[in-house]
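Residue strings, one per chain:
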Amino acid sequence: MATEGESVMSAAHCIERAVVTGAAGFIGSHVVEALLQRGATVLGIDRRSPRDNALAAENLKGVMEHPGFRLVQGDLVTDELKPWVRAADAVFHLAAIPGVRPSWGDGFGEYLACNVLATQRLMDACQSSGVRRLVLASSSSVYGDAVGRGPLREEDATAPLSPYGVTKLAAERLALAYALAPASPTSVVALRYFTVYGPRQRPDMAIGRMLRGILTGEPLQLYGDGHQRRDFTFVTDAVAATVAAATADATAEAVNVGGGDSVSVLDVLRRIADITGAKVPVRDDIHQPGDVQVTEANLTKARELLGYVPSITLTEGIERQWKWLSARSRGPLHDAAAVTA
Ligand SMILES: NC(=O)c1ccc[n+]([C@@H]2O[C@H](COP(=O)([O-])OP(=O)(O)OC[C@H]3O[C@@H](n4cnc5c(N)ncnc54)[C@H](O)[C@@H]3O)[C@@H](O)[C@H]2O)c1
């Protein structure tokens, strides 16, 4: 079994100059850290900057002074992208508007622009600049519901059940289409992340909200009956797969990145009670449109192509996120309201 970060170490040796879009976000900031630790220089691109956004400041505080890191505040939808990607050995495309529920209704235009148009513009810039590899953050949401058909393999049918999932599938297909175009210099590995959690997790996501509920007493809105299952992936595992994807032998591939187990929300609540010694306050709510009952990844391709084996169990991962969160004071930084700030 691979130790944590083992595949990060071997793969990143070949990347000297990396571009990370969405660098100020949850997963992007961890990818930046992993690349810097391995000696790469990293150009981060994000609409948010530590100067004007508290979450970005929190996410990037460990790297802003690093001599190998530079952040540009830019928008992939409108800015000229070629000057940023031109010198890169690999581009890690993490930027997107995440989240299933807000993708219904009026917010969809933003999803369309930031998830689909931005990906097309970035692929165009990479291709015309001769960038050799783009690693794309795709999502388990491209599959729709795995109930009765999991663990899902990459060749299984994609049938997203939310507007967000539709944009992630469109982005994935766009990037792969560019990679498959005749004489394309840019190969693509699209990683279908399954619910990533850990320190600095987005404030709108479940495990962080549960843990914060213990600290603040604010009840968690529990959508549905709690029997819905998720394949939770600890962030350092997701990052190991991401960095390995930059040098994997591939032209145009989609690859699952899961935690190795599909666990119910009620089970997560029980584990949190065991770890923290306190019960998460819960307020029952109805099932939300677009929320699937089950996500569950088959990891055979990830193991074969990326040498990926998840190394952090769910209990260990929650312990680490709890330790991280409880070391920080309560405050506005990790309130859901800060997500869009
Ligand atoms: N967190 C998960 O569990 C999960 C699961 C599946 C897929 N993903 C995908 O992984 C990626 C990262 O997710 P995350 O949870 O870290 O999200 P995040 O919101 O923390 O990070 C995304 C970052 O992208 C930036 N961004 C958005 N639109 C932009 C634009 N037009 N130009 C420049 N920057 C822009 C945001 O400012 C933000 O900092 C996303 O593509 C998401 O769809 C995440």
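First things first, this report covers the structure right here in the doc. (Residues numbered from 1 in each chain as written. Predicted model: local features only at pLDDT ≥ 70, side-chain atom pairs only at ≥ 80, totals over all residues.)

Points about the overall build of the protein
Line of reasoning, step 1. The number of helices and strands found in the protein is 11 helices and 13 strands.
Line of reasoning, step 2. Over its C-alpha atoms the protein spans a radius of gyration of 19 Å, differing by no more than 12% from the 20 Å that the globule rule assigns to 341 residues.
Line of reasoning, step 3. By principal-axis analysis of the C-alpha atoms, the protein measures approximately 55 × 45 × 45 Å.
Line of reasoning, step 4. By the burial criterion, 48% of the 341 residues in the protein qualify as buried. (Helix = DSSP H or I, 4+ residues; strand = E, 2+ residues; numbered from the N terminus. Rg over C-alpha atoms; globule rule 2.2 N^0.38 Å. Buried ≥ 20, exposed ≤ 12 C-beta atoms within 10 Å, placed from the backbone.)

Remarks on the sheet that holds strand β5 (residues 133–139)
Line of reasoning, step 1. Ordered in space as β3-β2-β1-β4-β5-β6-β11, the 7 strands form an open sheet in which the pairing is parallel. The open sheet has two free edges, formed respectively by β3 (69–73) and β11 (252–257), since each of these has just one partner strand. Mean inter-strand twist for the sheet, computed between neighbouring axes without regard to direction, equals 20°. (Pairing = 2+ DSSP bridges. Axes fitted to C-alpha atoms, helices over the stretch in contact; angles between N-to-C directions.)

Focus on the environment of M205
Line of reasoning, step 1. Mapped onto the elements, M205 comes out in the loop between β7 (196–197) and α7 (206–216).
Line of reasoning, step 2. As a C-alpha pair, M205 and V309 span 104 residues in sequence and 24 Å in three-dimensional space.

Focus on the site of the ligand
Line of reasoning, step 1. Inspection of the region around the ligand gives 27 residues, with G22, G25, F26, A96 and A137 positioned closest.
Line of reasoning, step 2. At the level of elements, α2 (26–37), β2 (41–46), α5 (108–129) and β5 are the ones that each hand at least two residues to the shell around the ligand.
Line of reasoning, step 3. In terms of residue class, the shell around the ligand is built from 16 nonpolar, 5 polar and 6 charged. (Near = placed C-beta within 6 Å. Nonpolar A, V, L, I, M, F, W, Y, C, P; charged D, E, K, R; others polar.)

These figures come from the coordinates and say nothing about function on their own.
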